Amino acid sequence: MYRYKGVSTLAKRRYVRSRSLKEEMVIDQAVVDRAGRILISRNTLLDSYHIMSLVRMGVPGVYIREGEGDENAVESGDIVIAPSVQQEIERKTVEDRAKVNLSESVKARVAEGIQYLYNDTVSEDFTSTTRSITNDLMRAISDNDAIAVDISALKISDEYTFKHSVDVATMAMIVGKKHGFGRQEVYELGISGLLHDVGKSKIPNEILNKAGKLTDDEFMMMKQHSLFGYQLLKEKDDLSNSIKLGVLQHHEKMNAKGYPMGVPSEKINLFARIISVADIYDALVTERPYKKPFSPRDAVEMIMSLTEELDIEVMRSFLESVILYPVGTDVELSTGECARVIENNSKYVLRPTVIGLKSGKIYDLSEIGNASIVIL
């Protein structure tokens, strides 16, 4: 039975950003370091030192528990979880792979930097600003040995072009790392990802932000943005050819039906192949004046269907790098049962292991025997 602070409601679990934590909140998870050592135990009553430590360590947020349980159950939304099921959840839960996390200060600095780049492409500080932003992203990946990205949590700013550029760069860097890139290649891939849409600074705003369908002439102009971006970068000797080709070719397709040149697969730079996958995913899940967003699940399924257009090995690296349902997420199964994700499988991003919140039954959705069960 959960008892603290005299509150008499069923216990609830809520995610709170570290900078918004208050003293005497009860943490509902353990915080561990890279070596697996427990720094803050689950059920700890937080004090100012705990909160300050979480902020300094760059932990973006933690789950806290609110309310008081009765003798028999805790609550998750409208589902009452029996103690035996709660114990099984805690016993079977396998934490997600280390994910890239950007602190609020880094997000603010990156958002400001990317806006500066796109607003002044001829600045003397263009390359140094680009490298500064990429260094921030590299540190965010390196600080916790990140090998995955929570694709539902990426958000830098509300302005589409800037948010999109940083999201694509972050995803591309993680995918590049999974694909076998060394540190310098990951770094340069990040630069290319940040700049992949810089050519849109040459597209008139009335076309770029048009709410309705583009005319044929407007669409032809829009399709030139990758070429415009390449032209902006080609004379910058301090940027590698791969960075420039990533910008130029990120809309080229493996079936030679892309743009701006329609080159065949063997002529498409690997940076461009990786940026293409991240670019398509982020565009699908982002709301725009002319379209509603796809759900992350639908976007992943769309990516999986583009086998003629995307590099299959890069697609595999993308799918093995993303976390669609973070551990602890409550989902609805096609059986009608509500379940909680207790372990992800990097080989099957759509099919984690879950536990029924009422039945306590464990479903490894990647197993053949559970093939008919899907997350809705």
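Our subject is the structure that appears above.
This report concerns the structure included in the present document. Quick caveat, the model's predicted, so the values are computed rather than measured.

**Considering the overall build of the protein**
Tallying secondary structure elements over the protein gives 13 helices and 13 strands in all. In the protein, buried positions account for 50% of the 376 residues. Across the protein, contacts joining residues at least 24 apart in sequence account for 63% of those joining residues at least 6 apart.

**Some points on the packing of aromatic side chains**
Across all of its chains, the model carries 2 aromatic pairs by this definition. Relative to phenylalanine 271, the ring of phenylalanine 181 lies with its centre 5.8 Å away and its plane at 40 degrees, an arrangement referred to as tilted. Of this pair, phenylalanine 181 sits in the loop between helix 5 (160-178) and helix 6 (183-195) while phenylalanine 271 sits in helix 11 (residues 270-285), and the two are 90 residues apart along the sequence. By relative accessible area, phenylalanine 181 is classed as buried at 11%. Both rings, one in tyrosine 281 and one in phenylalanine 318, keep their centres 5.8 Å apart while their planes meet at 50 degrees; by these two values the pair is tilted. Of this pair, tyrosine 281 sits in helix 11 while phenylalanine 318 sits in helix 13 (residues 312-319), and the two are 37 residues apart along the sequence. On the basis of relative accessible area, tyrosine 281 is assigned to the buried category, the value being 1%.

**Side note on the pattern of salt bridges**
A complete count under the given rule lists 12 salt bridges for this structure. A salt bridge links arginine 109 to aspartate 136, with the nearest nitrogen and oxygen atoms 2.9 Å apart. Taken as a pair, arginine 109 in helix 3 (residues 104-119) and aspartate 136 in helix 4 (residues 126-143) lie far apart in primary sequence, 27 residues in all. Across the salt bridge formed by glutamate 313 and arginine 316, the nearest N and O atoms sit 2.7 Å from each other. You can see glutamate 313 and its partner arginine 316 sitting in helix 13, 3 residues apart, about one turn around the helix. Judged by its relative accessible area of 44%, glutamate 313 is partly exposed.

**With respect to the environment of glutamate 24**
Relative to the helices and strands, glutamate 24 resides in the loop between strand 1 (12-17) and strand 2 (26-27). Separated by 21 residues in the primary sequence, glutamate 24 and leucine 45 have C-alpha atoms spaced 5.1 Å apart.

**Considerations on the pairing of strand 11 (residues 338-343)**
Here 3 bridges tie strand 10 (residues 330-332) to strand 11, and the two strands are oriented antiparallel to one another. Of the residues in strand 11, the one forming a bridge with valine 331 is alanine 339. Count of turn residues in the strand 10/strand 11 antiparallel hairpin: 5 residues, of which glycine 336 carries a positive phi of about 95 degrees. Pairing geometry for strand 11 and strand 12 (residues 353-356), over 4 bridges, is antiparallel. Residue arginine 340 lies in a different strand from strand 12, and its bridge partner there is isoleucine 355.

**Some words on the pairing of strand 12**
Every second residue of strand 12 is oriented toward a common face, with Thr353 and Ile355 on one face and Val354 and Gly356 on the other, all of them buried. Bridge count for strand 12 against strand 13 (residues 362-364) is 3 bridges, and the pairing is antiparallel. When the bridges of strand 13 are listed, threonine 353 appears paired with aspartate 364. Taking the residues between adjacent antiparallel strands as the criterion, strand 12 and strand 13 are bridged by 5 residues, where glycine 360 takes a positive phi near 75 degrees.

**Thoughts on the nonpolar core**
Within the largest apolar cluster, 68 residues are counted, with the highest numbers of intra-cluster contacts made by Leu195, Ile303, Phe318, Val331 and Leu333. Not counting chain neighbours up to four residues away, the residues in contact with isoleucine 303 comprise Val277, Ile280, Tyr281, Leu310, Met315 and Phe318. Of all hydrophobic cores here, the second largest spans 11 residues; its members include Met25, Ile40, Leu46 and Val62.

**Regarding unusual backbone geometry**
In this model, tyrosine 259 is joined to proline 260 through a cis peptide bond whose omega is 15 degrees. In this fold, proline 260 is placed in the loop between helix 10 (241-249) and helix 11. Residues other than glycine seldom take positive phi values, yet alanine 256 does so here, at roughly 65 degrees. With respect to the helices and strands, alanine 256 occurs in the loop between helix 10 and helix 11.

**A closer look at helix 12 (residues 296-305)**
Inspection of helix 12 places Arg297, Ala299, Val300 and Ile303 among the buried residues, and these make up the whole buried set. Buried residues of helix 12 fall within an arc of 165 degrees about the axis and therefore sit on the same side. As for helix 12, its buried residues are in contact with helix 11 and helix 13.

**Brief notes about the packing of helix 4 against helix 6**
Where helix 4 contacts helix 6, the axes come no closer than 9 Å and their chain directions differ by 120 degrees. The orientation of helix 4 relative to helix 6 falls into the category oblique. Between helix 4 and helix 6 lies a crossing of right-handed hand. Side by side, helix 4 and helix 6 meet where Phe126, Thr130, Arg131, Ile133, Thr134, Asn135, Leu137, Met138 and Ser142 of the first sit next to Arg183, Val186, Tyr187, Gly190, Ile191, Leu194 and Leu195 of the second. Residue classes in the contact of helix 4 with helix 6 are distributed as 9 nonpolar, 5 polar and 2 charged.

Reading the values: the criteria
Residues numbered from 1 in each chain as written. Predicted model: local features only at pLDDT ≥ 70, side-chain atom pairs only at ≥ 80, totals over all residues. Heavy atoms only, no water. Helix = DSSP H or I, 4+ residues; strand = E, 2+ residues; numbered from the N terminus. Buried < 20%, exposed > 50% of the residue type's maximum accessible area, 1.4 Å probe, protein only. Contact = heavy atoms within 4.5 Å. Phe/Tyr/Trp six-rings, centres within 6.5 Å; stacked < 30°, edge-to-face > 60°. Salt bridge = Lys/Arg side-chain N within 4 Å of Asp/Glu carboxyl O. Pairing = 2+ DSSP bridges. Core = buried A, V, L, I, M, F, W, Y, C linked by side-chain atoms within 4.5 Å. Arc of directions from axis to C-beta. Axes fitted to C-alpha atoms, helices over the stretch in contact; angles between N-to-C directions. Parallel < 35°, antiparallel > 145°, perpendicular 65-115°, else oblique. Left-handed = near helix turned anticlockwise from the far one by under 90°. Nonpolar A, V, L, I, M, F, W, Y, C, P; charged D, E, K, R; others polar.

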